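# Summary of structural features
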Amino acid sequence: MALRTFAKTLGVPSRVQQQLRGLQTFTLPDLAYDYGALEPAISGDIMQLHHQKHHQTYITNYNKALEQLDDAIAKGDASTAVKLQSAIKFNGGGHVNHSIFWKNLAPTKEGGGESPHGSLGWAIDESFGSLEKLIAKMNAEGAAVQGSGWVWLALDKELKRLVVETTANQDPLVTVGPSLVPLIGIDVWEHAYYLQYKNVRPDYLKNIWKVINWKYASEIYEKECPK
Amino acid sequence: MSFKPKTLPNPPKPHPQPNYPHPLYRLCCRDREMLMASVTTISSHLTSAFLSTPEFCRLSQSLHSSQRQRRCTRRYVPGTISASIDLKPPPYPLNALEPHMSKETLEYHWGKHHRGYVNNLNKQIEGTELEELSLESIISASYNKGDILPAFNNAAQVWNHEFFWESMKPGGGGKPSGELLELINRDFGSFEGLVHEFKLAATTQFGSGWAWLVYKEHKLDIPNARNPRPSEEDKKLVVVKSPNAINPLVWEYHPLLTLDVWEHAYYLDFENRRTDYISTFLSKLVSWDTVSSRLEAAKVLVAEREREMEEIDAIDDMDTIEPEDADMYFGSDADDFPEDDE
């Protein structure tokens, strides 16, 4: 606190003040695979645009909103702080969701598309009857999202059960329920599939399962629900 | 004691709800055709064959004051009238907007997306009471004051896309003129001011949606509050944006111009660069002539509505009970109430 007031008195630029306060900003995470490695399920063009343009833009705008919010809080400017909330939700949500998404995907030769084993596999059979039935449900709900959004396989860590949910725009899953942990998220914004699948979102949904990384989902599940 | 009949004034008519729009004003040609059709089936002069002809459609279309032309389709089934919503093509060939909007985009956007909305809507309304209504009436009914019903998304998107194609023309762009430009200068400071606001709305519509220029007739934003002293200044041009399928009809504004900012509208031509798409639309595609004629039509409609409301008000004034008349109900005359000992 003393350092902050000291910095202000000296007229130190606000960006430096933010670093002194320890404002953490974000950078684009790398993918664990090449852009073209998920073909033919998802084209390299889409992966590159999606990662380098869309996700990067969310991060850039999230950082900007965070800096403005930090400033507003430091100055006690409540109206600005409130006004920034939607930009934080859009862009921060976009960053959160896409970071999960890249880990949800893997090339087939690295296990993409392989059915879940272990406790997650059992839990899916118990909750939905079979993996096929889960996939059918997620595809139906994903196709039914009006406009832009996501479809999720989530673990409700309070009730210890699996659920399928959808969110609108870039709302992160926690906005649906605070105890929901995302296991698999599928982006159904048009930018996620349009160049390859055009208006036929159901085809995109059918094909993406060939590169879904169940290993990651199982890791998350086992961490929340240890045997 | 005698009973003296009193002539009471007529009881006051219930005040009409000043909710805009009054349903009659929104009657589109299809609804009026329905009315006419039910009247004319009684007459033996018109056969159902005539009712299914384009001549009948044009006759009833000319009754409607709006500039917007609706195409009427009739499936000829003897003795019955049924209708579906049409897939209306853009008023230019699919390649006519190149290089600013590619033929491929039009083929998918009109040929798949717009067509899909039309087909899905027709499936949804078949056999329901919505089938009898015009597109705008379906939108109003399924919007259901915000508690949206299933047919809304398809119906509104059909309307939005028709409106969008007609908002553009080959060799578009440039500047508006005449009364439209005057109002733009009045309400936005300058044409550049409008461009700035429109670009801002289109860029900041997060996710899927639309940006609009609308003619707003009331200053009050609450739908059930009537502007008590409307003046010309209350009627303004405003830029608004809307998510997904929502359009300004549901807010009782008069749309003049729209830009589709769903990703499918620009992704093939511009990828993620929505800002470039918006600039191209404004500088190369927008049809200011169409916007001007929509503005004219909106002003005519607004003037008509105001006249009707004045007439309704005039009738109301005549029926108003003056305070001193209230005595007549409760009997100021002792004779009205028989004394107990009589």
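Thresholds applied
Residues numbered from 1 in each chain as written. Chains lettered and ligands numbered in written order. Predicted model: local features only at pLDDT ≥ 70, side-chain atom pairs only at ≥ 80, totals over all residues. Heavy atoms only, no water. UniProt positions renumbered as here; feature names shortened; annotations may be inferred. Helix = DSSP H or I, 4+ residues; strand = E, 2+ residues; numbered from the N terminus. Contact = heavy atoms within 4.5 Å. Areas by Shrake-Rupley, 256 points an atom, 1.4 Å probe, with all protein chains shown as cover. Lys, Arg positive; Asp, Glu negative; His and termini not counted. Charge placed at Lys NZ, Arg CZ, Asp CG, Glu CD. Buried area = accessible area lost by both parts, 1.4 Å probe. Salt bridge = Lys/Arg side-chain N within 4 Å of Asp/Glu carboxyl O. Nonpolar A, V, L, I, M, F, W, Y, C, P; charged D, E, K, R; others polar. Buried < 20%, exposed > 50% of the residue type's maximum accessible area, 1.4 Å probe, protein only. Pairing = 2+ DSSP bridges. Core = buried A, V, L, I, M, F, W, Y, C linked by side-chain atoms within 4.5 Å. Axes fitted to C-alpha atoms, helices over the stretch in contact; angles between N-to-C directions. pLDDT = per-residue confidence, 0-100. Phe/Tyr/Trp six-rings, centres within 6.5 Å; stacked < 30°, edge-to-face > 60°. Polar contact = N/O pair within 3.5 Å; in protein donor to acceptor, adjacent residues only side chain to side chain.

The name recorded for chain B in an unreviewed UniProt entry is superoxide dismutase, from Deinandra increscens subsp. villosa. According to the UniProt record, the Sequence similarities (unreviewed entry) comment for chain B is "Belongs to the iron/manganese superoxide dismutase family."

The name an unreviewed UniProt entry gives chain A is Superoxide dismutase, with Deinandra increscens subsp. villosa as the organism. Per UniProt, chain A has the following entry under Subcellular location (unreviewed entry): "Mitochondrion matrix". You can read under Catalytic activity (unreviewed entry) in the UniProt record for chain A the words "2 superoxide + 2 H(+) = H2O2 + O2".

Let us look at the overall build of chain A. Of the regular secondary structure elements, chain A holds 10 helices and 3 strands. Across chain A, helices and strands are ordered from the amino to the carboxyl terminus as α-α-α-α-α-α-α-β-β-β-α-α-α. Across its three principal directions, the C-alpha atoms of chain A cover 65 × 40 × 30 Å. Long-range pairs, those at least 24 residues apart, make up 69% of the contacts in chain A between residues at least 6 apart in sequence. Summing over all exposed atoms, chain A offers an accessible surface of approximately 11200 Å²; the carbon and sulfur share of this is 54%. Charge centroids of chain A, computed over 23 positive and 24 negative side chains, lie 5 Å from each other.

Below, the discussion takes up the UniProt feature "domain: Manganese/iron superoxide dismutase N-terminal" (unreviewed entry) in chain B. Sites flagged by UniProt as "domain: Manganese/iron superoxide dismutase N-terminal" (unreviewed entry) map to residues 87–168 of chain B. With 59% helix and 0% strand, residues 87–168 of chain B has its two end C-alpha atoms placed 17 Å apart.

Counting from both sides, the interface comprises 17 residues of chain A and, opposite them, 16 residues of chain B. The contact between chain A and chain B buries some 1800 Å² in all, and 60% of this surface belongs to carbon and sulfur atoms. Remark: the boundary between chain A and chain B carries 0 salt bridges. Of all elements in the fold, only α3 (44–75) and α8 (194–197) of chain A reach the threshold of two or more residues within the side of chain A that touches chain B. A per-element tally of the side of chain A that touches chain B places α3(A) first, with 4 residues. In terms of residue class, the side of chain A that touches chain B is built from 6 nonpolar, 8 polar and 3 charged.

Here the focus is the pairing of strand β1 (residues 149–156) of chain A. All names here are of chain A. In terms of burial, β1 is largely enclosed, as 8 of its 8 residues are buried. A two-sided burial pattern is seen for β1, the buried positions comprising G149, V151, L153 and L155 on one face and W150, W152, A154 and D156 on the other. Pairing geometry for β1 and strand β2 (residues 161–168), over 8 bridges, is antiparallel. For A154, the partnering residue across the bridge sits in β2 and is V163. With antiparallel pairing between neighbouring strands as the criterion, β1 and β2 make up a hairpin whose turn holds 4 residues, including K160 at a positive phi of roughly 55 degrees. Here β1 runs beside strand β3 (residues 180–187); their pairing, made up of 7 bridges, is antiparallel. When the bridges of β3 are listed, V151 appears paired with I186.

It is worth spelling out the UniProt feature "domain: Manganese/iron superoxide dismutase N-terminal" (unreviewed entry) in chain A at this point. Per the UniProt record, "domain: Manganese/iron superoxide dismutase N-terminal" (unreviewed entry) is annotated on residues 25–106 of chain A. For residues 25–106 of chain A, helix accounts for 71% and strand for 0%, while the C-alpha atoms at its two ends are 27 Å apart.

Next up on the list: the nonpolar core. Ranked by size, the top nonpolar core spans 70 residues in total, and within it B:L237, B:Y277 and B:F281 carry the most contacts. For this core, the leading source of residues is helix α6 (residues 151–166) of chain B, giving 9 residues. With residues up to four places along the chain from it excluded, the contact list for B:Y277 reads B:M101, B:F164, B:L259, B:D260, B:V261, B:A265, B:Y266 and B:F270. Membership of the second largest hydrophobic core comes to 54 residues, among which are A:I42, A:Y204, A:L205 and A:I208.

A word on the sheet that holds strand β2 (residues 236–243) of chain B. All names here are of chain B. Reading across the sheet, the 3 strands line up as β2-β1-β3 and stay open at both edges, with antiparallel pairing between neighbours. Edge strands, defined here as strands with exactly one partner in the open sheet, are β2 and β3 (254–260). Pairs of neighbouring strands in the sheet enclose a mean axial angle of 20 degrees, with direction left out of account. Of the pairings in the sheet, the one linking strand β1 (residues 209–216) to β2 comprises 8 bridges and is antiparallel in character. In the sheet register, Y215 faces β2, and the bridge partner there is L237.

Further remarks concern the confidence of the model for chain B. Residues and elements named next belong to chain B. For chain B, the mean per-residue pLDDT works out to 79, and 65% of the residues sit at or above 70. Predicted confidence is poor over residues 1–29, with pLDDT under 50, and the contacts of this stretch with residues over four places away or in other chains come to 51 contacts. Ignoring residues within four places in sequence, the model shows residues 35–72, a span with pLDDT below 50, making 52 contacts including any to other chains. Taken over the whole predicted complex, pTM reads 0.79, whereas the ipTM for its chain interfaces reads 0.90.

A separate point is the packing of aromatic side chains. Taken as a whole and judged by the stated rule, the model has 23 aromatic pairs over all chains. Considering the side-chain rings of A:F101 and A:W150, the 5.4 Å spacing of their centres and the 90 degrees angle between planes classify their relative orientation as edge-to-face. Of the two residues, A:F101 is situated in helix α5 (residues 85–104) and A:W150 in strand β1; the sequence distance between them amounts to 49 residues. Ring geometry for B:F163 versus B:W212: centroids 6.0 Å apart, planes at 40 degrees, classification tilted. Of this pair, B:F163 sits in helix α6 while B:W212 sits in strand β1, placing them 49 residues apart in sequence. The exposure class of B:F163 is buried, given its relative accessible area of 1%.

Here we take up the pattern of salt bridges. Residues and elements named next belong to chain B. Taken as a whole, this structure holds 12 salt bridges over all chains when the rule is applied. The shortest N-O distance in the salt bridge between K88 and E166 comes to 2.9 Å. Here the residue K88 occupies a position in the loop between α3 (54–61) and α4 (103–125), and E166 occupies one in helix α6, the gap between them amounting to 78 residues. Here the salt bridges share partners, and the residues they tie into one network are K88, E166 and R294.

All right, on to the environment of B:S287 then. All names here are of chain B. Mapping S287 onto the fold places it in the loop between α10 (274–285) and α11 (288–319). Taking the relative accessible area as the measure of exposure, S287 reaches 2% and is therefore buried. Filtering out sequence-adjacent residues up to four positions away, S287 remains in contact with E166, S167, M168 and K169.

Bringing the side chain of A:N91 into the picture now. All names here are of chain A. With respect to the helices and strands, the residue N91 is situated in helix α5. A polar atom in the side chain of N91 sits 2.9 Å from the backbone oxygen of A87. Setting aside residues no more than four positions away along its own chain, N91 makes contact with T57, Y58, N61 and Y62.

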